[in-house]
Amino acid sequence: MFTLDIENLIQLGPNQIICGDYNAHHTSWGCYNDNPRGIRLLNFVNSAGIEILAPTTPTRFGNNSSSTIDLAIVREFLYPYDIISLPELSSDHNPVLLNFYFKYSIPSTNGKMKTNWNKFRHQINNAEDIYNISINSPAELDSLVDKFESQILDAKIAASSPITNLQTYIDPRIRELNNERNFVRKMFQRLTDPALKTKLNQLNKKITKLNDKIETESQINTLINVTTVDGSFWNLTSRFNKKRHNIPTLNGPASIAVTNKEKANCLADSLEKQFQLNDIHCEETETVVGNSIEGFLNTTPNIFNDFPPTHTDELINCIKKLKKNKAPGYDNISNKIILNLPLNSIYTLQKITDSIMKFGHFPTRWKTATIIPILKPGKDPTDPVSYRPISLLPSISKIAEHIILSRLNEFLEENNILMPEQFGFRKNLSTTHQLLRVTEYIQEGLNNKLKTGAVFLDIQKAFDRVWQDGLIHKLIKYNTPRYLVKIFHSYLSNRIFAVRVRSGLSNTKIIKAGVAQGSKIGPILFALYINDMPKQHNTLLSIFADDTAILARNKNHNFIHLALKKHLKTLEDWFAKWKIQINAGKTEAIMFSNSLNYPLPIKINKQIIPWSQECKYLGVILDKRLTWKSHFLHIKKKFRAAARKFYPLISRNSKLNRNNKLLIYTAYLRPVLTYACPVWGYAAKSNIKILENQQNYVIRMISKANWYFLNKDIYHSLNYPTFNSFIKKTLCQLLQKT
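Residues numbered from 1 in each chain as written. Predicted model: local features only at pLDDT ≥ 70, side-chain atom pairs only at ≥ 80, totals over all residues. Heavy atoms only, no water.

1. Looking at the overall build of the protein chain
Looking only at helices and strands, the protein chain has 24 helices and 25 strands in total. On C-alpha atoms alone, the protein chain measures out to a radius of gyration of 30 Å, which is about the 27 Å that the 2.2 N^0.38 rule sets for 738 residues. When its C-alpha atoms are laid out on the principal axes, the protein chain stretches across 95 × 80 × 60 Å. Burial statistics for the protein chain: of 738 residues in total, 47% are counted as buried. For the protein chain, restricting intrachain contacts to residue pairs at least 6 apart in sequence, the fraction spanning at least 24 positions comes to 71%. Of the roughly 38,600 Å² of accessible surface on the protein chain, 52% is carried by carbon and sulfur atoms. If the 96 positive side-chain charges of the protein chain are averaged to one point and the 60 negative ones to another, these points end up 7 Å apart. (Helix = DSSP H or I, 4+ residues; strand = E, 2+ residues; numbered from the N terminus. Rg over C-alpha atoms; globule rule 2.2 N^0.38 Å. Buried < 20%, exposed > 50% of the residue type's maximum accessible area, 1.4 Å probe, protein only. Contact = heavy atoms within 4.5 Å. Areas by Shrake-Rupley, 256 points an atom, 1.4 Å probe, with all protein chains shown as cover. Lys, Arg positive; Asp, Glu negative; His and termini not counted. Charge placed at Lys NZ, Arg CZ, Asp CG, Glu CD.)

2. Description of the packing of helix α9 (residues 283-299) against helix α15 (residues 468-477)
Where α9 meets α15, the closest approach of the two axes is 9 Å, and the angle between their N-to-C directions is 65°. When the axes of α9 and α15 are compared, the crossing they make is left-handed. On the side of α9, the interface is formed by V288, V289, S292, I293 and F296, while α15 contributes D469, G470, I472, H473 and I476. Here the contact of α9 with α15 is built from residues that sort into six nonpolar, three polar and one charged. (Axes fitted to C-alpha atoms, helices over the stretch in contact; angles between N-to-C directions. Left-handed = near helix turned anticlockwise from the far one by under 90°. Nonpolar A, V, L, I, M, F, W, Y, C, P; charged D, E, K, R; others polar.)

3. Digging into the UniProt feature "domain: Reverse transcriptase" (unreviewed entry) in the protein chain
According to UniProt, the positions carrying the feature "domain: Reverse transcriptase" (unreviewed entry) are residues 355-622. Within the segment residues 355-622, helix and strand shares are 35% and 25% respectively, and the terminal C-alpha atoms sit 50 Å apart. (UniProt positions renumbered as here; feature names shortened; annotations may be inferred.)

4. Some points on empty space enclosed by the protein
Applying the stated criterion to the full structure yields two cavities of 30 Å³ or more. One number sums up the size of the largest cavity: a volume of about 130 Å³. Of all the secondary structure elements, the ones that give two or more residues to the lining of the largest cavity are β12 (368-375), β13 (387-392) and β15 (495-501). In terms of residue class, the lining of the largest cavity is built from eleven nonpolar, three polar and two charged. When its volume is computed, the second largest cavity comes out at roughly 50 Å³. If you trace the second largest cavity, you find it lined by N278, I459, Q460, K461, A462, R465, V466, F526, Y529, K579, I580 and Q581. Split into classes, the residues belonging to the lining of the second largest cavity amount to six nonpolar, three polar and three charged. (1 Å grid on protein atoms, 1.4 Å probe; cavity = no way out; pocket = protein on both sides within 12 Å on 5 of 7 lines; lining within 4 Å. Points joined across faces, edges and corners; volume = space filled by probe spheres on them.)

5. Some details on the side chain of K474
Turning to its location among the elements, K474 is positioned in helix α15. Taking the relative accessible area as the measure of exposure, K474 reaches 3% and is therefore buried. One polar contact links the side chain of K474 to the main-chain carbonyl oxygen of Y529, over a distance of 2.5 Å. Discounting chain neighbours no more than four positions away, the residues touching K474 are L528, Y529, D532, W574 and W578. (Polar contact = N/O pair within 3.5 Å; in protein donor to acceptor, adjacent residues only side chain to side chain.)

6. Digging into the pairing of strand β19 (residues 547-554)
For a regular strand, the rule is simple: side chains alternate between the two faces of the sheet. Relative to β19, strand β14 (residues 451-457) runs antiparallel, the two being bridged by seven bridges. Paired with K451 across the bridge in β19 is N554. Sheet analysis places strand β18 (residues 540-544) next to β19, joined by five bridges and oriented antiparallel. Of the residues in β19, the one forming a bridge with I543 is T548. Linking two consecutive strands that pair antiparallel, namely β18 and β19, is a turn of two residues; a positive phi of about 60° is found at A545 within it. (Pairing = 2+ DSSP bridges.)

7. What about a nonpolar patch on the surface?
Residues Y131, L343 and Y347 make up a contiguous nonpolar surface patch of roughly 270 Å² in combined accessible area. With respect to the helices and strands, the residue Y131 is situated in the loop between α3 (117-125) and α4 (138-158). (Patch = residues over 30% accessible without salt bridge, like charges linked within 9 Å, V, L, I, M, F, W, Y side chains within 5 Å. Salt bridge = Lys/Arg side-chain N within 4 Å of Asp/Glu carboxyl O.)

8. Overview of the nonpolar core
In terms of nonpolar packing, the biggest core is built from 94 residues, with F120, I152, I356, L457 and F488 touching the most fellow members. The residues contacting L457, other than those within four sequence positions of it, are T548, I550, L568, L571, F575, I582, T587 and I604. Judged by nonpolar contacts, the second largest core, of 66 residues, contains L78, F240, L435 and I635. (Core = buried A, V, L, I, M, F, W, Y, C linked by side-chain atoms within 4.5 Å.)

9. Re the domain arrangement of the protein chain
By domain assignment, the protein chain separates into domain 1 (1-100), domain 2 (119-162), domain 3 (172-241), domain 4 (263-417 + 484-528), domain 5 (438-460 + 530-623) and domain 6 (629-736). Contacts between domain 3 and domain 6 engage twelve residues on the former and 13 residues on the latter. Between domain 3 and domain 6 lies a buried interface of about 1,200 Å² when both sides are counted; carbon and sulfur atoms form 73% of it. The tally of links from domain 3 across to domain 6 stands at zero residue pairs in polar contact (both at pLDDT 80 or more). When contributions to the side of domain 3 that touches domain 6 are tallied by element, the ones reaching two or more residues are α6 (194-224) and α7 (232-241). (Domains from an automatic or database assignment. Buried area = accessible area lost by both parts, 1.4 Å probe.)

10. Structural notes on the pattern of salt bridges
Tallying each qualifying case throughout the model produces 16 salt bridges. Residue R173 is joined to D171 by a salt bridge in which the shortest nitrogen-to-oxygen separation is 2.9 Å. Accessibility expressed as a relative area gives 14% for D171, which makes it buried. Note that E421 and K535 form a salt bridge whose closest N and O atoms lie 3.3 Å from each other. Of the two residues, E421 sits in the loop between α13 (395-415) and α14 (431-447) while K535 sits in the loop between α17 (522-529) and β18, which places them 114 residues apart along the sequence.

11. What about a positive patch on the surface?
A contiguous patch of positive charge, built from R652, K655, R658 and K704, is present on the exposed surface. Tracing the chain through its elements places K704 in the loop between α22 (685-703) and α23 (711-718).

12. A closer look at the sheet that holds strand β1 (residues 16-21)
On the basis of which strands lie adjacent, the open sheet formed by three strands has the order β1-β5-β2 and antiparallel pairing. Looking at strand neighbours, the two that pair on one side only are β1 and β2 (51-53), the edges of this open sheet. Across this sheet, the average inter-strand angle for adjacent strands is 25°, counted without regard to direction. Strand direction decides the pairing type here: β1 and strand β5 (residues 70-75), joined by six bridges, are antiparallel. Bridging across to β5, I18 finds its partner in I73. In this fold helix α1 (residues 2-10) packs onto β1 and β5, with an angle of close to 150° to the strand it touches most, β1.

13. Regarding the layout of surface pockets
Reported here for the second largest pocket is a volume of approximately 810 Å³. Along the wall of the second largest pocket there are 32 residues; nearest its centre are G49, E76, R640, N693 and Y697. Of all elements in the fold, only α2 (36-48), α19 (629-650) and α22 reach the threshold of two or more residues within the lining of the second largest pocket. For the lining of the second largest pocket, the leading source of residues is α22, giving nine residues. When the residues that make up the lining of the second largest pocket are grouped by side-chain class, the tally is 13 nonpolar, eleven polar and eight charged. Per-domain counts for the lining of the second largest pocket show at least three residues from each of domain 1 (1-100) and domain 6 (629-736).

14. A look at the sheet that holds β18
Strands pair in a sheet through their backbones, by hydrogen bonds, and they do so in one of two ways: parallel or antiparallel. The strand order across the open sheet built from five strands is β18-β19-β14-β20-β23, with neighbouring strands paired in mixed fashion. Pairing within the sheet leaves two strands with one partner each, and these edge strands are β18 and β23 (611-612). Note: β14 against strand β20 (residues 588-592), five bridges, orientation antiparallel. Residue pairing for β20: V455 is matched across the bridge by A589. Packing against the sheet, α14 makes contact with β14, β18, β19 and β20, and its axis sits at approximately 155° to β18. Sheet strands in contact with helix α18 (residues 557-577) are β14, β19, β20 and β23, and its direction is about 150° off that of β19.

Okay, structure coming up:
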């Protein structure tokens, strides 16, 4: 077989790159189907511990097909890389460009403005006293918010000054060589002597080498002096972890978007369609909801006095927890500015939050979102639909949301409103807890020779297409305090957004449905919207945010089929009633058993959902026998991609000290390997070894260990936990919290 030739080649040395046309098709590297060579190649790669690097676009084009069969196989090669298929039509195969970055530069973080924070606070203290302005209506509340933010921005401008561009430092050695080169150039231009031309070329090469040497020395000096005490370590590493993507020319429905402004408007038009209700109607429910909201608005007072007032300590504690590095909203008031506000501004903010609860009105200024588009993994970058919206809201509005959310959570906990099957947005509950609940149910069935059928539902645009009137109706039915219901009605209505692409900002668009993205209140409102999802006695319902799974187990797979079918029919009716659309194309079904027999396929909305060999739920891949091998191979690939980002800092040749290298691994890389480890920690040792080897490889690289050093001796000398001991420690901590 052709894998024998690859095996012989990779044994020639410790680091290998083997490129070529393997004629191997597999969905793992972007093909539409698998062929025998592709399956053999993938199995060989997984067993040999090597990697396949493939471009994201096809490399071969037929008459009616395209595939990715020109690949690179690498062994123990963690350098950052780019691999692209070049669109050249001279052959049916595109040339593939594979570029490894052996030389790197440390990204710069220099700011453009410097703020004197003492002067900033002094400016606010000496500004107009807006705390004593009386508020008697929602319009006056909006006016106070405008004045409050303007006062903060004016003080920031007055206390800030641009950072002057310091004169570029030129090393004396470079300056001396430059002078000599310039003199030789002038002499050559006068005399045209070939010897002078040779001398000129030699000097140019000498200057280039010296420049590289000085740059390297500067980078080494930076790495040597990095510490966690002054924050320089985190500033350095966070720059390597950032995801950067330039948005290319977009193919809009009517035209091509080239400039930043055109791209922003093109994406805004696409998102406007996303923030709309699903075209599903139930006249009976719509009538009930309409009457409910109309009755509430007609009987609700304009002013409330039965709300718990905001305490100054409550605001101060909330502000202290803000993270400085979070991006601001459209108002450009960052968390760092809020952290430096004087006490009288805190009092003004306290008055604003109390007025929000008093009038049941959320300030209009805070209902505008700036959206940053992020490309979805593996999607076409020229298609506007391929981008995920990241919503940036005004930072001050999130403080008010925090106060309101604390009142809502207190009511929900006192009255035990949220269904116990919902593990999202709950105290002391995480994805790991829900995964443990699901996998224990499945594993218990396997131990008792029972089959377990599961359907993992995909709700289409779950948060973006919430029926807002339906949500308010449900809040009323839960007997939520009336002042909170009125706030949420104001909070959800008349929201707008604009898309930013670099310096280009789109026209504002109206959000007609959904809960606010990027908000603190939005997730819990969504949980309340689906809180009355129907349950069934012979199935297990598992919900985390919008990730929903239904499980049933029995010895007879036909019984499982009937139980799931009945529950899904109930859910279909409920989803249609509340204008929720299920994406049948992304919904998956799996039968957990050792048997090869399957019942009839499940149907959702008259679409067949075939039985799969493995499914992904809450970031973990579940295979039909719960061996976890598929998950471990997926995590290994993900870990290698993450390790490449930090390779310049943790490689053997890096001048960063060992403790900082270990800190990079602990903070950024180990969480990739050990996510949900209490769930799969019982897997076979041979499978866990897949991930353990990845940690061992990086730890040996960090410690610069020679080949004859034992792993246990390295961990002991570093006083660092082994992979298995960390899993046990994490499980013990989880059980103590439960």
